[in-house]
Amino acid sequence: MLLNFTANQGILRAGKENVIMPNIKPISDLRNYSDVLRDVSVGAPVFLTKNGRGRYAIIDMQDYEKTQATLKLMGELAKGKKSGEEKGWLSSSDVRAHFRAKANEE
């Protein structure tokens, strides 16, 4: 299998598949922070190392907001699961009736 690595884009090409390689830089590269920030894009964070170990991640704002929304959704789902286990689950017909009643109120 022939592999072609494009360093400036961090993409490893193997046949028809593209595998995104993590963009890892030493924290000392922050001296030229604009170069580091230029490498950050949606779905492609930059990981910073300190003394050879992963220490920080710089992510695009869109990725950050998506992560926060996912965490909020997971929290709400956990609350719903706990409520269902403690108080009992609703049938699909009960849920439909609830939303029909709400729609009729408006």
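Now for a quick tour of the structure. (Residues numbered from 1 in each chain as written. Predicted model: local features only at pLDDT ≥ 70, side-chain atom pairs only at ≥ 80, totals over all residues. Heavy atoms only, no water.)

Focus on the sheet that holds strand 4 (residues 23–26)
Here is step 1: In spatial order, the strands read 4-5-6; together these three strands make up an open sheet with mixed pairing. Edge strands, defined here as strands with exactly one partner in the open sheet, are strand 4 and strand 6 (53–58). Each strand of the sheet is rotated relative to its neighbour by a mean of 35°, with strand direction disregarded.
Here is step 2: Of the strand pairs in this sheet, strand 5 (residues 46–50) and strand 6 are connected by five bridges, and their pairing is antiparallel. Bridge pairing in strand 6 places Thr49 opposite Gly54. (Pairing = 2+ DSSP bridges. Helix = DSSP H or I, 4+ residues; strand = E, 2+ residues; numbered from the N terminus. Axes fitted to C-alpha atoms, helices over the stretch in contact; angles between N-to-C directions.)

Concerning the pairing of strand 5
Here is step 1: Taken together, the four bridges between strand 4 and strand 5 define a ladder with parallel strand orientation. Residue Asn23 lies in a different strand from strand 5, and its bridge partner there is Val46.
Here is step 2: A crossover connection joins strand 4 to the parallel strand 5 through helix 1 (residues 33–38); in handedness this β-α-β unit is right-handed.
Here is step 3: Hairpin connection between strand 5 and strand 6: a loop of two residues separates the two successive antiparallel strands, and Asn51 in this loop has a positive phi of roughly 55°. (Right-handed = clockwise from strand over helix to strand, strands pointing away.)

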